[in-house]
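Each chain, letter by letter, is given below.
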Amino acid sequence: MHLLVLFVLRRLSCPTESISNLPSNEREVLYNTHRHPKKMFKVYLIYLLSYLHSTVNIMRKQREIKNYKITLRSLKIAKILLWGLLLTASGLYGQTSIVKSIVLSSNVPKDIQLRLTQALDTLIYRIYNNKSISSEIDSAGATLSITMFGNIKGIGIYGSEKNDSLYSPQLINAHIIGEDQYFISLAYVGDNTLKSIMNFKATVYPEGIKFSVPLFYLTRNWKEKKVGRITYHYADYFNQERAAKFNRENTCIAEKLGLPPENFDFYLVDDYFDILRFLGYSYDSETAGHENEGFSPVNGYIFSTMHNEDFSHDLFHYYAEKIRTHSRNSAAEEGIAYSWGNAYYVDNNGEMIDQRQLVEILKSYLLTNPNTSLLNLFSKNPPIFPFNTKVRSLIASLISDEVERRKGLTGIKLMIDCGHGDDNYFKIIKQLIGINATNFDAEVKQLLENYK
Ligand SMILES: [Zn+2]
């Protein structure tokens, strides 16, 4: 029994054995219970019970016990408690322990590797247990790091997947990037599945190790340019005209919705892979295949769509969310975003596609397909537009323009807050400008004529 307890305790302090088949020379204790007082207490309790168990056994053998039966009963109760505690402790340890991958070969000294992994393990433990991580985070860009690391719970850039218990973190890379500075990669792996590869920048300070998303390190040689409320960060080229337009739109959209315009740090990234990399992902299974998207304003940071300085489409969503009291109505919001901002995607020249260009494409489509139902185009949203832009959103933008023309910003705000789904959308546009499913084609065709 005592040996069994010691075996389980060893497993607890060395989770490598429980979830991987690494040979013993590759295994390493990368987990330190001293960081987690509650776990430590349980382990001490287990030690104590194991010690009691052994002592009683020895005493029994030496026949030094006066009331053998009572002792035996106590022993049975102790055994039940012991197993209960062992199972609880095993469960707690199973979730967040980091193991060293068999492929890891690193120049980072072993003692630093151990310290880094312990600190990272503590960070993940605190995130999983909804505890504050501010003392584990580097002060530069702390709000962004805290938000992005919070998504570790769902193990994805958006943190939306909830089946995280199926995946275990493995340390797959650690290298030195400067004095007391390191880059660490964790792979979250399940049975024959890779969930994500996450990267952390770690700095060793006298008071402890602090983490950050890699953004600030990876863009440390970038240039900066301030345009109004927007600070652009870029590696190579910068388009002043587009930036000035975006700065104007930032003020205009916020003021139209009755909000103060905000300041943003805008990173001009080449594509979605850059965004992943900067925010700490080499691979993210949730968004695998994404290429030409940006990343919504988060904690005052914007990541461009394909290096374009204008991100007004998502900026509208950002401000709209602040005035909404119901869940988002996608038709209403996409329509206004297409009209006040742009169609989100860029063309082959890197220019943002806008509403006017898409109106021309729709007009010529209707000329070559005269029997097309606009209501069908709106509800089925067939891919008749280039570069992922949406005919449904363009039609919704014609409607929102008409609402703004006839009902002003009060009408726009009612649309934004009309609630989820097409039923609510049709209810609000009927109430505001009398468009319904029956007159949809005739009314929208009429609206198209407003755009010459
Ligand atoms: Zn949108």
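Our structure is the block above this text.
Everything in this summary refers to the structure shown in the same document. (Residues numbered from 1 in each chain as written. Predicted model: local features only at pLDDT ≥ 70, side-chain atom pairs only at ≥ 80, totals over all residues.)

1. Structural notes on the overall build of the chain
Put simply, the rule reads: Numbered from the N terminus, helices here are DSSP runs of H or I no shorter than four residues, and strands are runs of E no shorter than two. With C-beta atoms placed from the backbone, a residue is labelled by how many other C-beta atoms lie within 10 Å of its own: buried for 20 or more, exposed for 12 or fewer, partly exposed between the two. Our contact criterion uses C-beta atoms placed from the backbone: two residues qualify when those atoms are within 7 Å.
Across its full length, the chain holds 16 helices and 11 strands. Looking at the chain as a whole, 36% of its 452 residues qualify as buried. Summarising the internal contacts of the chain: among those between residues at least 6 apart in sequence, 62% fall at separations of at least 24.

2. Comments concerning the environment of Gln170
With respect to the helices, strands and loops of the structure, Gln170 is situated in strand β2 (residues 168-178). Look at Gln170 and you get buried, because 22 C-beta atoms sit within 10 Å. Gln170 sits 17 residues away from Ala187 along the chain, and the two C-alpha atoms are 5.2 Å apart. The residues contacting Gln170, other than those within four sequence positions of it, are Val99, Ser101, Leu186, Ala187 and Val189.

3. Side note on the pairing of β2
Put simply, the rule reads: Only when DSSP finds a minimum of two bridges between them are two strands counted as paired.
Two strands pair when backbone bridges link them, and strand β1 (residues 99-100) and β2 are joined in this way by 2 bridges, in the parallel orientation. Its bridge partner lying in β2, Val99 is registered against Gln170. Relative to strand β3 (residues 181-190), β2 is paired through 9 bridges, and the arrangement is antiparallel. By the bridge assignment, Asn173 is partnered in β3 with Ser185. Between β2 and the antiparallel strand that follows it, β3, lie 2 residues; Asp180 among them carries a positive phi value of about 60°.

4. Considering the packing of helix α14 (residues 391-416) against helix α15 (residues 422-433)
Heads up, the condition is: Axes here mean lines fitted to C-alpha atoms, for a helix over just the part in contact, with angles spanning 0 to 180 degrees between N-to-C directions. Between 65 and 115 degrees an angle is taken as roughly perpendicular, under 35 as roughly parallel, over 145 as roughly antiparallel, and anywhere else as oblique. Should the near helix be turned counterclockwise from the far one by less than a right angle, the crossing is left-handed, whereas a clockwise turn marks it as right-handed. Classification used: nonpolar for Ala, Val, Leu, Ile, Met, Phe, Trp, Tyr, Cys and Pro, charged for Asp, Glu, Lys and Arg, polar for all others including Gly.
Where α14 meets α15, the closest approach of the two axes is 10 Å, and the angle between their N-to-C directions is 110°. With respect to α15, the axis of α14 lies roughly perpendicular. In the crossing of α14 with α15, the sense of the turn from one axis to the other is right-handed. Where α14 abuts α15, its residues Ile399, Glu402, Val403, Arg406, Lys407, Gly411, Leu414 and Met415 lie against Ile428, Ile429, Leu432 and Ile433. For the contact of α14 with α15, the residue count by class is 8 nonpolar, 1 polar and 3 charged.

5. Concerning the environment of His233
Following the sequence through the fold, His233 ends up in strand β7 (residues 230-234). Considered as a pair, His233 and Lys223 are 10 residues apart in the sequence and their alpha carbons are 5.7 Å apart. When near neighbours in sequence (up to four residues on either side) are disregarded, His233 contacts Thr219, Trp222, Glu224, Asp265, Phe266, Tyr267 and Leu268.

6. Notes on the sheet that holds β7
Pairing within the open sheet is mixed, and its 5 strands lie in the order β6-β7-β8-β11-β10. The open sheet has two free edges, formed respectively by β6 (223-227) and β10 (295-298), since each of these has just one partner strand. On average, each strand axis in the sheet is inclined to that of its neighbour by 20°, with strand direction left out of account. Looking at chain direction, β7 and strand β8 (residues 264-267) are connected through 4 bridges and run parallel. The residue bridging Tyr232 from the neighbouring strand is Phe266, located in β8.

7. Quick word on helix α5 (residues 110-128)
The condition is simple: Working rule for helices: expected span equals 1.5 Å times residues minus one.
If you check α5, its first and last C-alpha atoms are 27 Å apart, about what 19 residues at 1.5 Å a residue would give, namely 27 Å. All of the buried residues in α5 are Gln113, Leu116, Thr117, Ala119, Leu120, Asp121, Thr122, Leu123 and Ile124. A positive phi of about 50° marks Asn130, the residue just after α5.

8. Here we look at the nonpolar core
Under the convention used in this document: What makes a nonpolar core is a set of buried Ala, Val, Leu, Ile, Met, Phe, Trp, Tyr and Cys residues, with links drawn between C-beta atoms within 7 Å.
If you look at the biggest cluster of nonpolar residues, it comprises 96 residues, and the most contacted ones within it are Ile184, Leu279 and Ile395. Here this core takes 10 residues from α14, the largest share from any one element.

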